[in-house]
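Here's the letter readout for the chains.
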Amino acid sequence: MKRFATWITSGIVISGLILFSTGITQSQEIFPAGQGRNTLFLVCVQCHSLNRVTEAKLTAADWEFIMYDMISRGAPVREEEIDALKKYLVDNFAIEAK
Ligand code: HEC
């Protein structure tokens, strides 16, 4: 009986680890490492979730506009972070212009 309990416990621990690591892999694919990612994670979650970013269908030009729009709404992006953030958004989330 004791062995059975140990078996169950390790089963739970192992499946937890698997779920945890796939979660990490997925977020790396959606938000690849890059300059600008930290700014996105720190700044762009203050008013809404990052679903706004991942689900937006914006061209490169739209992203530039939206980024400044968010800054004018109060997103605290530092001057020296603007270029990296813009590049990160465009590189990873821009769709083709029609
Ligand atoms: C001060 C609050 C605030 C912060 C910080 C903020 N946003 Fe927003 N964001 C909003 C609001 C409010 C809306 C909804 C605007 C609307 O629907 O008219 C929005 C909407 C959006 C949308 C959807 C716009 C569209 O037209 O599809 C995107 C994309 C977006 N935000 C990206 C960002 C990014 C990137 C950042 C970080 C630079 C950011 N937001 C930070 C307030 C904020």
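What you see is a predicted model; the values in this text were computed from it and never measured.

Let us look at the packing of helix α4 (residues 60–73) against helix α5 (residues 82–93). For the pair α4 and α5, the least separation of the axes is 9 Å and the interaxial angle reads 140°. Looking at the two axes, α4 sits oblique to α5. Like other packed secondary-structure pairs, α4 and α5 cross with a definite hand, here right-handed. In contact with Ala60, Trp63, Glu64 and Met67 of α4, α5 contributes Leu85, Lys86, Leu89, Val90 and Phe93. Classifying every residue of the contact of α4 with α5 gives seven nonpolar, no polar and two charged.

Judged by nonpolar contacts, Leu40, Trp63, Met67, Met70, Val77, Leu85, Tyr88 and Leu89 together constitute the single largest core of eight residues. Breaking this core down by element, the ones donating at least two residues are α4 and α5.

The subject of this paragraph is the site of the ligand. The environment of the ligand is made up of 16 residues, and the closest members are Cys44, Cys47, Met70, Gly74 and Ala75. Secondary-structure elements contributing two or more residues to the shell around the ligand are α3 (51–55) and α4. Ranked by residues supplied to the shell around the ligand, first place goes to α4 with four residues. Classifying every residue of the shell around the ligand gives eleven nonpolar, three polar and two charged.

On to the environment of cysteine 44, then. Topologically, cysteine 44 is positioned in the loop between α2 (37–43) and α3. Take cysteine 44: there are 19 C-beta atoms within 10 Å of it, and that puts it in the partly exposed class. When near neighbours in sequence (up to four residues on either side) are disregarded, cysteine 44 contacts Leu50, Val53 and Ala75.

Calculation notes
- Residues numbered from 1 in each chain as written.
- Predicted model: local features only at pLDDT ≥ 70, side-chain atom pairs only at ≥ 80, totals over all residues.
- Axes fitted to C-alpha atoms, helices over the stretch in contact; angles between N-to-C directions.
- Helix = DSSP H or I, 4+ residues; strand = E, 2+ residues; numbered from the N terminus.
- Parallel < 35°, antiparallel > 145°, perpendicular 65-115°, else oblique.
- Left-handed = near helix turned anticlockwise from the far one by under 90°.
- Contact = placed C-beta atoms within 7 Å.
- Nonpolar A, V, L, I, M, F, W, Y, C, P; charged D, E, K, R; others polar.
- Core = buried A, V, L, I, M, F, W, Y, C linked by C-beta atoms within 7 Å.
- Buried ≥ 20, exposed ≤ 12 C-beta atoms within 10 Å, placed from the backbone.
- Near = placed C-beta within 6 Å.

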